[in-house]
Amino acid sequence: MSVFTPLARPELETFLAPYGLGRLLDFQGIAAGSENTNFFISLEQGEFVLTLVERGPVQEMPFFIDLLDVLHEAELPVPYALRTTDGLALRELKGKPALLQPRLSGKHIKVANAQHCAQVGELQAHLHLATQGERMIKRKTDRGLDWMLEEGTEFLSHLSDEPRALLQKALDEITERKDKILALPRANIHADLFRDNAMFEGTHLTGLIDFYNACSGPMLYDVAIALNDWCSDDEGVIDGPRARAFLGAYAALRPFTAAEAELWPTMLRVACVRFWLSRLIAAEQFAGQDVLIHDPREFEQRLAQRQKVNTPLPFAL
């Protein structure tokens, strides 16, 4: 179970009391997280999620609170930080930054169809439109292009010949096209919009969660991250009908530019590198521990497919 910081009932009751939401009925650790500690919390006045942030500096937390407030005010289905009766949103528990948020309805889906993908693409476009231009809240990601180049170069020696060549080729491309990537249209991006961060009731999208990788960055990168997860088959190949549904719904609200169309195949590969590396690092760091570790080979396979085929971007201006 990915509960890095266990909690006892008395300390949890003490923490929750200032919210004025009634007594604690039940709580349960959430096994799905791979970076933060999360608990489902049942109080007399409703269902909530408590997050203890395990990675990242405390000074970054106001960004997440402000971003979720902006998206909540834009009527997007996202969690947001609840305030205590004294108006505090960010607090501390067991020495970790802690947030209490409403629990969204619905559940994660394992197998996505075109209808699911269209709704995710539409929601992602709304997120970008709500935060682009002067509305964008600036935050530099700690897992951006420089991080990929540094960690990727260091990890080359850990790999056998074939995956090492695969990664080296991708790192060379990032180096070559870095300036063009950074010049792409920007907004606040989720940067982790996988199936396990979206909630559905049937085919209706009810919520988007886990914004702790969110930052300001190229919108196309966010699209590539999401599409790589929502629209890949078991062999890592992009599924055409799902991809067209996703991208068509997105572009109906925010059409892609010519520069984005040019860099689309590159961004698909960059998105693969980011998650291949983070999973490789996690697999080493948490080896032998009772922590959820996503399979790095999934993104190694997807990167190999993206290098084999330059997928064009439809719906571009």
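Residues numbered from 1 in each chain as written. Predicted model: local features only at pLDDT ≥ 70, side-chain atom pairs only at ≥ 80, totals over all residues. Heavy atoms only, no water.

What counts is decided by this rule: UniProt positions are given in the numbering used here, feature names are shortened, and annotations may be inferred rather than shown by experiment.
For the protein chain, the name recorded in an unreviewed UniProt entry is Homoserine kinase, with Pseudomonas triticicola as its organism. In its Sequence similarities (unreviewed entry) section, the UniProt entry covering the protein chain states "Belongs to the pseudomonas-type ThrB family." According to the UniProt record, the Pathway (unreviewed entry) comment for the protein chain is "Amino-acid biosynthesis; L-threonine biosynthesis; L-threonine from L-aspartate: step 4/5."

### With respect to the pattern of salt bridges
Heads up, the condition is: Put simply, a salt bridge is a Lys or Arg side-chain nitrogen that is within 4 Å of an Asp or Glu carboxyl oxygen. A run of H or I in DSSP becomes a helix once it reaches four residues, and a run of E becomes a strand once it reaches two; helices and strands are each numbered from the N terminus. A 1.4 Å probe rolled over the protein chains alone gives each residue an accessible area, and that area as a share of the maximum for its type sets the label: buried under 20%, exposed over 50%, partly exposed in between.
For the structure on display, the rule yields 18 salt bridges. With its nearest N and O atoms 2.7 Å apart, the salt bridge here joins Arg269 to Glu173. Taken together, the residues span a long stretch of sequence, with Arg269 in helix 8 (residues 258-285) and Glu173 in helix 5 (residues 161-182) at a distance of 96 residues. Residue classification places Arg269 among the buried residues on the basis of a relative accessible area of 9%. A residue is classified by how much of its surface remains accessible, and Glu173, at 14% relative accessible area, is buried. Connected through shared salt-bridge partners, Arg195, Asp229, Arg279, Glu298 and Arg302 make up one network.

### Some points on empty space enclosed by the protein
To be explicit about the condition: Cavities and pockets were defined on a 1 Å grid built over protein atoms only: a cavity is a set of grid points that admits a 1.4 Å probe from which the probe cannot escape, a pocket is an open set flanked by protein on both sides within 12 Å along at least five of seven lines, and lining residues are those with an atom within 4 Å of any such point. Grid points are joined across faces, edges and corners, and a volume is the space filled by probe spheres set on the points. Classes in brief: Ala, Val, Leu, Ile, Met, Phe, Trp, Tyr, Cys and Pro nonpolar; Asp, Glu, Lys and Arg charged; the others, Gly included, polar.
In the structure shown here, the tally under the stated rule is three cavities of 30 Å³ or more. For the second largest cavity, the calculated volume is near 60 Å³. As for the second largest cavity, its lining consists of Arg55, Arg139, Thr141, Asp142, Arg143, Ala191, Asn213, Tyr221 and Arg274. A per-class count over the lining of the second largest cavity returns two nonpolar, two polar and five charged.

### Comments concerning the state of the cysteines
Put simply, the rule reads: Note on terminology: disulfide denotes any pair of cysteine sulfur atoms within 2.5 Å.
One pass over the structure, following the stated rule, counts zero disulfides. With no disulfide partner, Cys117 has as its closest neighbouring cysteine sulfur the one in Cys231, 3.9 Å distant. You can see Cys215 has no disulfide; the closest cysteine sulfur is in Cys272, sitting 17 Å from it.

### A word on the packing of aromatic side chains
The criterion, for reference: Centres within 6.5 Å are what make two rings of Phe, Tyr or Trp a pair, Trp counting through its six-membered ring; a difference in plane orientation under 30 degrees is then read as stacked, over 60 as edge-to-face, and the rest as tilted.
Scanning the entire structure with this criterion turns up nine aromatic pairs. Ring geometry for Phe15 against Tyr19: centres 5.9 Å apart, planes inclined by 55°, an arrangement best described as tilted. The residues Phe15 and Tyr19 share a single accessibility class, namely buried. Look at Tyr250 and Phe256: their rings are 5.1 Å apart centre to centre, the planes differ by 15°, and that puts the pair in the stacked class. Grouping residues by exposure puts Tyr250 and Phe256 together as buried. Through a chain of ring-to-ring contacts, three or more aromatic side chains come together here, namely Phe63, Phe64 and Tyr212.

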